[in-house]
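Take a look at the letters that make up each chain.
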Amino acid sequence: MTKHTRLEILSAVLVNVARVVVGLTFVFSGFVKAVDPLGTVYKLQDYAEAVGLAGLFPEWMLTVASIALSLTEFLLGISMLFAMQRKSTTRLSLAFMLVMTCLTVWIYAANPVSDCGCFGDAVRLTNGQTLLKNVVLTALCLVTVCWWQRMPRLISHANRWIVFNYSTVFIIAVAAWSLYFLPLFDFRPYHIGANIPKGMEIPEGAEQPEFKTTFIMEKDGRQQEFSLEEYPDSTWRFVDSKTELIKPGYEPPIHDFTIQRMSDGEDITDSILSAPGYTFLLIAPHLETADDTNFGHLNEIFDFTQEKGYGFFCLTASTGKSVAHWADITGAEYSFCNTDETTLKTIIRSNPGLILLKQGTVVGKWSHNSLPVEELRKDGVITTQSSFLPQEDVTGRKVANIMMWFVLPLMVLVIIDRVFNIFNHFTHKNKKENGKENRSRQLEDEQEPAGGRGSRQGTDRGSKES
């Protein structure tokens, strides 16, 4: 084997390993964003706030941007895996990764957000890990640009439009479903089956975070900073204090979960999480922008809880005027409580959304578009066998559905395409061989000696005369 041949084999292996890694990463990243488009919207809002553009872009525009980003990544990944439009795909992937890498360099240096949101809530990376990941992917994209000719196509040129269009419809359908109902996969700590009190626990021996508090004091018109150990005497006047994290420690999956009743300011978190029966929590981060289309169903569920003795509370980050307006237009009679806005957005991707707790465990979640009123009317009671409760959140079943509706059809298409191409190849080959034989015979007839032909003609005439 020559040196040139070895280099060709090595480059072919390298470029196809890079193709698979980049393609799978793009497909996964695009899919988890499509599964949770509102999560990407919230992350884009964090970025906008970090650069001083908070409130400049309406939520619908960010939602469109979220779906467009997930679609772009998913299609680039599919095109890379199937080696469609190889030259254009590799160059677009490299350009995409260069932009993302530049962005993550800024994130790593300025630290405007703690997690870039590359993989949504499915895989959380630090800013340093994100930068390293993007540098590696950029290098792999550069490899594919250099040797794109050595990427074998999995689908013929004539059928690639089927793969591209089907992938487009699939990812938009997933995003639309997740927006209208709830995310197909719930990667957050408030998923069905999660116990909130347990998620708030800090295990024994876990590393505790370390903070440094600095006090700003003033005396005789002069301000000075003091640590806690150096706190001055009473002749100094307190001005302000600041606390910074020196060393991060263990952070439980669920934190900052508190419920404060608006009517009297009482913290009722423990009483709700420890209630022996069922408790409904209506989650509305912002009542001023909450969808009030199905307020009649919410009131019907509230009336049901009153009859059965279950709890029903509305958790919101809104206050005063917004709460009063919501109660006025919907006729709400349930209790309103204040909870951190980020926590509410993490609990459920719907404004409003409804969750059902039993002794602090999440046993049901519904979007405002899929409130279980019909099940409630049919059963009239909540039990573990009641159809009012949603099906168990089985990840395996959902993965199987994805395989059946997306992966399997594409595999069948590839197999049919390959078989059809092989059949065409042999058919074309046989036709070509038959054509060569016919041309060969024709040439033989044309090149036959004239004397031979004349002798046959003479024989024929002689036989006729005789």
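The residue numbers shown here count from 1 along each chain, following its written sequence. This being a predicted model, a pLDDT of at least 70 is required before a residue's local features are given, and a value of 80 or more before pairs of side-chain atoms are given or counted; all residues contribute to the totals for chains, interfaces and linings. Hydrogens and waters are ignored; side-chain quantities use all the structure's heavy atoms.

A. Examining the nonpolar core more closely. Membership of the largest hydrophobic core comes to 27 residues, with the highest contact counts inside it found for Phe280, Tyr334 and Ile382. A helix here means a DSSP run of H or I that spans at least four residues, while a strand means a run of E at least two residues long, and both kinds are numbered starting from the N terminus. Going through the elements one at a time, β5 (278–284), α9 (295–308), β6 (311–316), α10 (320–330), β8 (353–358) and α12 (373–379) are the ones with two or more residues in this core. In this description, contact between two residues means that some pair of their heavy atoms is separated by no more than 4.5 Å. Beyond its immediate chain neighbours, meaning those up to four positions away, Ile382 contacts Tyr278, Phe280, Phe304, Tyr310, Leu356, Phe388 and Leu389. Residues grouped as a nonpolar core are buried Ala, Val, Leu, Ile, Met, Phe, Trp, Tyr and Cys residues, joined through side-chain atoms within 4.5 Å. When a residue's accessible area, from a 1.4 Å probe over protein chains only, is under 20% of the maximum for its type it is buried; when over 50% it is exposed; and in between it is partly exposed. With 23 residues, the next largest nonpolar core counts Ala34, Leu81, Val163 and Val174 among its residues.

B. Local environment of unusual backbone geometry. Here the amide bond leading from Asn351 into Pro352 is cis, since omega sits at 5 degrees, within 30 degrees of zero. Secondary-structure assignment places Pro352 in the loop between α11 (341–347) and β8. Phi angles above zero are rare outside glycine, and Ala83 is one such case at about 55 degrees. Secondary-structure assignment places Ala83 in the loop between α3 (59–82) and α4 (86–110). Owing to a relative accessible area of 1%, Ala83 belongs among the buried residues under this scheme. In this model, Asp256 sits at a positive phi of 60 degrees, which is unusual for a non-glycine residue.

C. Quick peek at the pattern of salt bridges. Counted as salt bridges are all cases of a side-chain nitrogen of Lys or Arg within 4 Å of a carboxyl oxygen of Asp or Glu. Taken as a whole and judged by the stated rule, the model has 14 salt bridges. Between Asp186 and Lys365 there is a salt bridge, with its nearest N and O atoms 2.8 Å apart. Placement of Asp186 in the loop between α6 (160–180) and α7 (196–199) and of Lys365 in strand β9 (residues 361–367) is noted, with a sequence separation of 179 residues between them. Across the pair, exposure class does not vary: Asp186 and Lys365 are buried alike. Each of Asp36, Asp121, Arg124, Asp186, Arg188, Arg349 and Lys365 takes part in one network of salt bridges that share partners.

D. Expanded view of the confidence of the model for the protein chain. In predicted models, pLDDT denotes the confidence assigned by the predictor to each residue on a 0 to 100 scale. Per-residue confidence for the protein chain averages 88 on the pLDDT scale, and 91% of its residues sit at or above 70. Ignoring residues within four places in sequence, the model shows residues 450–466, a span with pLDDT below 50, making three contacts including any to other chains.

E. Structural view of the sheet that holds strand β4 (residues 260–261). Criterion used throughout: strands pair if DSSP finds at least two bridges between them. Spatially, β4-β7-β6-β5-β8-β9 is the arrangement adopted by the six strands of the open sheet, whose pairing is mixed. Of all the strands in the sheet, just β4 and β9 have a single pairing partner and so form its edges. Bridge count between β5 and β6: six bridges; the pairing is parallel. For Leu282, the partnering residue across the bridge sits in β6 and is Cys314.

F. View of the state of the cysteines. The definition used for a disulfide is geometric: two cysteine sulfur atoms within 2.5 Å. Enumeration over the complete set of coordinates arrives at one disulfide. Each sulfur in the disulfide pair Cys116 and Cys118 lies 2.3 Å from the other. Between Cys116 and Cys118, the S-S dihedral sits near -135 degrees, and the bridge is therefore left-handed. Cys102 carries a free sulfur, and the closest cysteine sulfur to it, the one in Cys141, is 13 Å from it. Accessibility expressed as a relative area gives 56% for Cys102, which makes it exposed. Of all cysteine sulfurs in the structure, the one in Cys337 sits closest to Cys314, which takes part in no disulfide; the separation is 8.0 Å. Look at Cys314 and you get buried, because its relative accessible area is 0%.

G. Representation of a nonpolar patch on the surface within the structure. For patch detection, residues must exceed 30% relative accessible area and be free of salt bridges, and they are connected within 9 Å for like charges or within 5 Å for nonpolar side chains (Val, Leu, Ile, Met, Phe, Trp, Tyr). For the accessible areas, the method is Shrake-Rupley and the probe is 1.4 Å, while residue cover comes only from the protein chains on display. On the surface, a cluster of nonpolar side chains totalling about 830 Å² of accessible area is made up of Val51, Leu53, Leu56, Phe57, Trp60, Met61, Val64, Leu103 and Trp106. Secondary-structure elements contributing two or more residues to the nonpolar patch are α3 and α4. Among the elements that take part in the nonpolar patch, α3 stands out by supplying three residues, more than any other. Structurally, Leu53 is set in the loop between α2 (37–50) and α3.

H. Highlighting α10. Residues of α10 that are buried: Val323, Trp326 and Thr330. The buried side chains of α10 occupy one side of the element, clustering within an arc of 60 degrees when seen end-on. Residues of α10 that are exposed and point over 90 degrees away from its buried face: Lys321 and Asp328. Considering only its buried residues, α10 is in contact with α9, β6 and β7 (335–338). Each C-beta atom gives one direction from the helix axis, and the arc is the one those directions make.

I. Molecular detail of the sheet that holds strand β2 (residues 222–227). The three strands are arranged β2-β1-β3 in an open sheet whose pairing can be described as antiparallel. Each having just a single partner strand, β2 and β3 (237–247) make up the two edges of the open sheet. Between one strand and the next, the sheet's axes are offset by a mean angle of 25 degrees, whatever the strand orientation. Looking at chain direction, strand β1 (residues 210–219) and β2 are connected through six bridges and run antiparallel. Bridge pairing links Phe215 to Phe226 in β2. Convention adopted: a line fitted to C-alpha atoms gives each axis, helices being fitted over their contacting stretch, and angles between N-to-C directions are expressed from 0 to 180 degrees.

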